[in-house]
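Letter by letter, the chains look like this.
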Amino acid sequence: MIAGPEAYRLKFFLDNGFTRKQCKMCKRNFWTLDPERELCGDSPCVPYSFINNPPTKRSFNIKEMREAFLSFFEKRGHTRVRRYPVVARWRDDIFLTIASIACFQPHVTSGEVPPPFNPLTISQPCIRMNDLDNVGKTGGRHLTIFEMMAHHAFSSKENEVYWKEDTVSYHHEFLTKDLGIPGDEIAYIEHWWEGGGDAGPDLEGIVRGLELSTLVFMQYRKINGAYRELPLRIVDTGYGLERFAWISQGTPTAFETIYGRLFEDLLKISGIERPDPKVLAEATKFAGMMNIVDEGSIRAARERVASTLGMDPASLDSQLKPFEILMAILDHTKTLAFMLGDGIVPSNVQAGYLARLMIRRVKRMMDYAQISKPLSELLAMQVSYWGDQFPELIENLDYIVRVADLEVARYTKTIDQGKSLILRIIKDPEIKRRGALPLNQLIQLYDSHGLPPEIVKAVSEPHGIKVDIPDTFDTMVAELHSSSQSSKKEDEDILQDLPPLPQTELVYYYEPKTKRLKAKVLYSDRTRVILDRTIFYPEGGGQLSDTGSLTVDGRQIRVINVQKSRGIVVHFVEEIAPIKEGTYVECLVDWERRVALMRHHSSTHILLGAARRVLGEHVWQEGAQKSVEKSRLDISHFEKISPSQLREIEVLANKVVQECRPIRAYFEDRNKAEQRFGMRLYQGGVVQGPTIRVVEVEDWDAEACGGIHCSNTGEIGLIKIIRSERIQDGVERIEFVSGEQAIRFIHSQELTLQEISRILNTPAERVEKATAKLMEEFSTSKRQIERLRKILAQRVSTELSLRSEKIGGITLVKGTLEDLSNEDLIPIASQIVERDHNALAILVSKVDGSVVCMAGEGATGRGLNAGKITEVFTRSMGGRGGGKSDVGQGRVPLETLDRFEQSIQSIKNIIEGLNKNKSQ
RNA sequence: GGGCCGGUAGAUUAGUGGCAGAUCACCUGCCUUGCACGCAGGGGGUCGUGGGUUCAAGUCCCACCCGGUCCA
């Protein structure tokens, strides 16, 4: 959809002498004060003209520009809002905050929740990974992390705040009055915006070739290709802070403006030389004109710059390339400082994976630029550079440094191991013969072992193995994964075939201690009962449902499961004859179960608070499950929780239990709760609605949670951690038990110990020592046995050899052995054939009937096959066996041992047959 | 959330269902007054765990544990 021209024909434009024009190059329509203007003013139609020539009345650094913007809007009735984290934990559709409006999606933009202030202004750090490859190559047009300054207004029919006119008027006033940009230099391009399912017309503010801002008027929701009016009309603006500061300074690239002294420091550290500013300025101008950034367009731009400057393209490239890498490093390290600073734990899934991707990418770049300083040090430099504007980064510096070091170590290890893997693979004779690495190997090395093809190439080619990297490599990897896509289970609708019913009154929320309740039946079939109100807690938030009974006319019906959907609670019961509507029943909750569940649930909150205090602020709940017997809490953390940390968490949690802190559960306005407790509220995941239920353990933890809790931590009694495990990279699981279950657990531990102590015949306190000694003895005994076996083998083999029989050139050594089993026979047979290469040894154990047959080199040389012989022999004894030419093993039933000599005779026949064939 | 790869001696690892090996490190002796490369000998393994198939499993099947890695 494209809006008609009336969508952009603003009174503001008409009153102030703007005219609407169409760009001669790109054919887009735009509004301008300059009647002579023919081009829209955006690149690539027009090259950058602000470099060394800023249009503003003075230069602003990042901090000054941000302040100028926010205070401008503050003075005009907007409330300044603190920035949100760069990790979008309140969203389940995106991992990172990609725009200022993302902070208010989906609840505010859908109209469900009012905005915290209206109108508001914010400068929101945003991270976008989609332009990664372009960062550094376009002089600063592409950044992974940037701040989106914005003013937002949310208007509804009842509450009109402001719309297009005021938005553009504010924009124009800010640019012209506060920044001093001449009005006739600002162009407004008409454009249509769509994002995240929302859509609307927008105007792009362009100055001297640079798009500075986007003024979006969100008013449609796109559903199945059709546009429907949104309940709200939302002013969604985005002013690129970095671009504003850049244009005001007119530096050759945006990076000088953004990073100031940090830029100089990194130049020094890397020893990379700054290209001639003229060259740089020229390169940036042309980079700005590239529509699509790829190898081809970069090369073309380079060639043009080179010819403009009268330079050789190759030397221009060698001057610019390291510098571009440096700029990308600046960008990526800032991104990482924010990602880690906001508590992302690197991992192999979700947002954590993006952090890992960044770390590995920037590490490769640092290697290229030969920066020997650790990554963590560059991050620390970023933190100190941005610290005055983002003090929370300084607070989390320890974590940032620690995790960066850890991740780099992991990466280095992966690469090192990978290199030796490559060397092993290319030793393969088939690959050696072809002199090239097959493509599937290359893909597998990347997919399974994380080895980028460039590294494979660099390692293989010195060994004469060619590696072809196809252009479509990334696509091929992607295809590997596309085959089996998500198999999301559709939730069954528990309300299927039901008549429309009112929402159930949730009595358990305000009377959590009520065990009995009279309620009216609104609906019933053979397995489902719906009441007007209930004290049964339905499954949700990781807490299992209550069970219990419903009593009707003295008849008790078991409630086996309770679920909630669209505000209606469904009691699943053992099959019954449906109860008549309007009948009153008495609900009775299985109280023991409920108490166990409550204790476990409250414990989860307490443990989370304890884990956060022991391990750090990056700890978030990744999942939880509370059952009657035990519970588990999954938290984000970057390494295995050590036993001592685990104990510390346990001690701290139990301290909270002993302190008998009140646990309060209450409904609260979403914005108020967020202001009071921050994003920490959303531990359990995305929560819907304008009011949320807050569960607060006094001065310890507060979470948005729908579960039922103890009213006091003391009711839990005891929290005992059972174990912890790593369920995936970056996520640790803590299993624990509370209350009665905790006592039971300790009892069972005790019983185990008592049992061990009984078996070892040692007092419990000395079990440790006794076990260690036992293991020691076990180990020496094993060695002893091996030694004795050798001696035994020596003796027995000699003995048996004395009774050997010569058949042709073969020495047949046979025997049934008492008290010896398979493991003993092997060395004996081995001895025999070692001593006499023409020997064939057949040994049978009288203990377990196992058969070992070995043939010496000479014997096999004559065509004797120990495996075959074993097969024949064991078969004739009624057993089974087989093997290779030099060794065979098998087993025969003990009852048939008296047929031994008989069976040996058939072996003799084979040997003789062999000789006959030979002599013929 | 969906895949893929791997787990064998302290480290790096080989191993067709049939006697668990190599290299480095370690120990002892010799040689050489020593500088990753001298020689000989030696110690060190619950083959991740638990089931199953089999006369026989490091090897095949299943489940679990641990590690790595890619994608969304």
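Scroll up for the structure.
Okay, so let's go over this structure.

1. Remarks on the overall build of chain A
Logical step 1: Helix and strand counts for chain A come out as 26 helices and 30 strands.
Logical step 2: Along the first, second and third principal axes, the C-alpha atoms of chain A reach 120 × 95 × 55 Å.
Logical step 3: When each of the 920 residues of chain A is scored for burial, the buried share is 51%.
Logical step 4: Carbon and sulfur atoms form 50% of the exposed surface of chain A, whose accessible area is close to 43,100 Å².
Logical step 5: Looking at charge distribution, chain A has the averaged site of its 121 positive side-chain charges lying 3 Å from that of its 127 negative ones.

2. Section: the sheet that holds strand β21 (residues 691-697)
Logical step 1: Read from one edge to the other, the open sheet built from 3 strands follows the order β20-β21-β22, with strand pairing classed as antiparallel. Either end of the sheet is taken by a strand with one partner, and the two such strands are β20 (663-669) and β22 (701-704). Averaged over all adjacent pairs, the angle separating strand axes in this sheet is 25°, with direction ignored.
Logical step 2: Sheet topology places β21 next to β22; 4 bridges connect them, and they run antiparallel. Within β22, the residue paired with Val694 across the bridge is Ala704.

3. What to know about unusual backbone geometry
What is expected of a backbone is that most residues other than glycine have negative phi and most peptide bonds are trans.
Logical step 1: With omega at 10°, the peptide bond leading from Ser43 into Pro44 counts as cis.
Logical step 2: When you line up the elements, Pro44 lands in the loop between β2 (29-32) and α2 (62-75).
Logical step 3: Cis peptide bonds are those with omega within 30 degrees of zero, and the linkage from Asn118 to Pro119 qualifies with 0°.
Logical step 4: On the secondary structure map, Pro119 appears in the loop between β3 (79-80) and β4 (120-127).
Logical step 5: Phi at Asp699 takes a positive value of approximately 55°, unusual for a residue other than glycine.

4. Structural notes on the sheet that holds strand β11 (residues 516-524)
Logical step 1: A barrel is described by the order of its strands in space; here 6 strands give the closed sequence β11-β12-β16-β15-β14-β17, paired in antiparallel fashion. Pairs of neighbouring strands in the sheet enclose a mean axial angle of 45°, with direction left out of account.
Logical step 2: Relative to strand β15 (residues 555-565), strand β14 (residues 548-552) runs antiparallel, the two being bridged by 5 bridges. In the sheet register, Val552 faces β15, and the bridge partner there is Arg555.

5. Comments concerning the nonpolar core
Logical step 1: Among the nonpolar cores identified, the biggest contains 147 residues, and Phe174 and Ile329 are the most heavily contacted of them.
Logical step 2: Among the elements that take part in this core, helix α8 (residues 313-341) stands out by supplying 14 residues, more than any other.
Logical step 3: With residues near it in sequence (within four places) discarded, Phe174 still touches Met65, Ala68, Phe69, Phe72, Leu179, Tyr239 and Phe244.
Logical step 4: Leu506, Tyr537, Val562 and Val589 belong to the second-largest nonpolar core, a separate cluster that totals 54 residues.

6. Overview of the packing of aromatic side chains
Logical step 1: For the structure shown, the criterion picks out 36 aromatic pairs.
Logical step 2: Measuring from centroid to centroid gives 5.4 Å for Phe13 and Tyr188, while their planes differ by 50°, and the two rings are tilted. Here Tyr188 lies in strand β6 (residues 186-195) and Phe13 lies in helix α1 (residues 11-15), a separation of 175 residues in the sequence. For the pair formed by Phe13 and Tyr188, the shared burial category is buried.
Logical step 3: Each member of the aromatic cluster is reached from another via a ring pair, and the members are Phe69, Phe72, Phe73, Tyr162, Tyr170, Phe174, Tyr239 and Phe244.
Logical step 4: Lying across the ring of Trp700, Arg613 places its NZ or CZ 3.7 Å from the centre.

7. Concerning the pairing of β6
Logical step 1: Counting buried positions over the 10 residues of β6 gives 7, a clear majority of the element.
Logical step 2: Alignment of β2 against β6, held across 2 bridges, turns out to be antiparallel. Bridge assignment links Phe30 to a residue of β6, and that residue is Ile189.
Logical step 3: As paired elements, β6 and strand β7 (residues 198-207) share 10 bridges and run antiparallel to each other. Across the sheet, residue His191 finds its bridge partner in β7, namely Asp202.
Logical step 4: Here β6 hands over to β7 after 2 residues, with Gly196 in that stretch at a positive phi of 55°.

8. Let's talk about a positive patch on the surface
Logical step 1: A cluster of like positive charges, contributed by Lys782, Arg783, Arg787 and Lys790, occupies part of the molecular surface.
Logical step 2: Mapped onto the secondary structure, Arg787 falls in helix α22 (residues 767-802).

9. Re the environment of Lys11
Logical step 1: Tracing the sequence through the fold places Lys11 in helix α1.
Logical step 2: With 153 residues separating them in the primary sequence, Lys11 and Lys164 have C-alpha atoms 9.5 Å apart.

10. A few points about the packing of helix α18 (residues 591-615) against helix α19 (residues 643-658)
Logical step 1: Taken N-terminus to C-terminus, the directions of α18 and α19 make an angle of 130°; their axes are 9 Å apart at the nearest point. One finds that α18 runs oblique with respect to α19. As α18 packs across α19, the resulting crossing turns out to be right-handed. Counted together, Ile606, Leu607, Ala610, Ala611, Arg613, Val614 and Leu615 of α18 and Gln645, Glu648, Ile649, Leu652, Ala653, Val656 and Val657 of α19 form the full contact between these two elements.

11. Thoughts on the pairing of strand β26 (residues 810-817)
Logical step 1: Summarising burial for β26: 7 of the 8 residues are buried, a large majority.
Logical step 2: For strand β25 (residues 805-807) and β26, the ladder comprises 3 bridges, and the chain directions are antiparallel. What sits directly across from Glu805, in β26, is Leu812.
Logical step 3: In textbook terms, the turn of a hairpin is the stretch between consecutive antiparallel strands, and for β25 and β26 this stretch comprises 2 residues, one of which, Gly808, has a positive phi near 60°.
Logical step 4: Looking at chain direction, β26 and strand β27 (residues 839-845) are connected through 7 bridges and run parallel. Residue pairing in the sheet places Thr811 in a bridge with Ala839 of β27.
Logical step 5: Following the chain from β26 across helix α23 (residues 822-835) to the adjacent parallel β27, one finds a crossover that is right-handed.

12. Let's talk about the protein's contact with RNA strand B
Logical step 1: Every one of the 34 residues lining RNA strand B counts as a neighbour, but Asn348, Tyr353, Arg360, Arg424 and Arg783 are closest to it.
Logical step 2: Among the atoms of RNA strand B lying within 4 Å of the protein, the sugar-phosphate backbone contributes 60%.
Logical step 3: Between Arg424 and RNA strand B, the recorded distance is 2.3 Å, taken from a side-chain N or O atom to a phosphate oxygen.
Logical step 4: Contact distances for RNA strand B include 3.3 Å between a sugar or linking oxygen and a side-chain N or O atom of His449.
Logical step 5: Looking at the surface near RNA strand B, the elements that each hand over two or more residues are α9 (350-368), α12 (397-425), α14 (439-449), α16 (473-482), β23 (719-728), α23, β29 (880-883) and β30 (887-891).
Logical step 6: Class assignment for the residues of the surface near RNA strand B results in 7 nonpolar, 16 polar and 11 charged.

13. Thoughts on the environment of Ile910
Logical step 1: Within the secondary structure, Ile910 sits in helix α26 (residues 900-919).
Logical step 2: Distance in space between the C-alpha atoms of Ile910 and Ile832 is 20 Å, their sequence separation being 78 residues.

14. Digging into the side chain of Gln543
Logical step 1: Mapping Gln543 onto the fold places it in the loop between β13 (533-534) and β14.
Logical step 2: Within the structure, the side chain of Gln543 is placed 2.5 Å from the side chain of His601, a separation counted as a polar contact.
Logical step 3: Separated by 3.3 Å, the side chain of Gln543 and the backbone nitrogen of Ile708 make a polar contact.

15. Remarks on α8
Logical step 1: The end-to-end C-alpha distance of α8 is 41 Å, a good match for the 42 Å that 29 residues give at a rise of 1.5 Å each.
Logical step 2: Maximum bend of α8: about 25°, positioned at Leu320, with proline Pro322 one to four residues after it.
Logical step 3: With 21 of 29 residues buried, α8 lies mostly within the body of the structure.
Logical step 4: Looking one or two residues beyond α8, the residue adopting positive phi is Gly343, at roughly 95°.

16. Here we look at the state of the cysteines
Here, the word disulfide means a covalent bond between the sulfur atoms of two cysteines.
Logical step 1: Here the structure, examined in full by the defined rule, presents 0 disulfides.
Logical step 2: In this structure Cys26 is not part of a disulfide, and its nearest cysteine sulfur, from Cys23, lies 3.5 Å away.

The rules we used
Residues numbered from 1 in each chain as written. Chains lettered and ligands numbered in written order. Predicted model: local features only at pLDDT ≥ 70, side-chain atom pairs only at ≥ 80, totals over all residues. Heavy atoms only, no water. Helix = DSSP H or I, 4+ residues; strand = E, 2+ residues; numbered from the N terminus. Buried < 20%, exposed > 50% of the residue type's maximum accessible area, 1.4 Å probe, protein only. Areas by Shrake-Rupley, 256 points an atom, 1.4 Å probe, with all protein chains shown as cover. Lys, Arg positive; Asp, Glu negative; His and termini not counted. Charge placed at Lys NZ, Arg CZ, Asp CG, Glu CD. Pairing = 2+ DSSP bridges. Axes fitted to C-alpha atoms, helices over the stretch in contact; angles between N-to-C directions. Core = buried A, V, L, I, M, F, W, Y, C linked by side-chain atoms within 4.5 Å. Contact = heavy atoms within 4.5 Å. Phe/Tyr/Trp six-rings, centres within 6.5 Å; stacked < 30°, edge-to-face > 60°. Lys NZ or Arg CZ within 6 Å of the ring centre and 35° of its normal. Patch = residues over 30% accessible without salt bridge, like charges linked within 9 Å, V, L, I, M, F, W, Y side chains within 5 Å. Salt bridge = Lys/Arg side-chain N within 4 Å of Asp/Glu carboxyl O. Parallel < 35°, antiparallel > 145°, perpendicular 65-115°, else oblique. Left-handed = near helix turned anticlockwise from the far one by under 90°. Right-handed = clockwise from strand over helix to strand, strands pointing away. Near = heavy atom within 4 Å. Polar contact = N/O pair within 3.5 Å; in protein donor to acceptor, adjacent residues only side chain to side chain. Nonpolar A, V, L, I, M, F, W, Y, C, P; charged D, E, K, R; others polar. Expected span 1.5 Å × (residues − 1). Bend = angle between axes of the 7 residues up to and from the residue. Disulfide = S-S within 2.5 Å.

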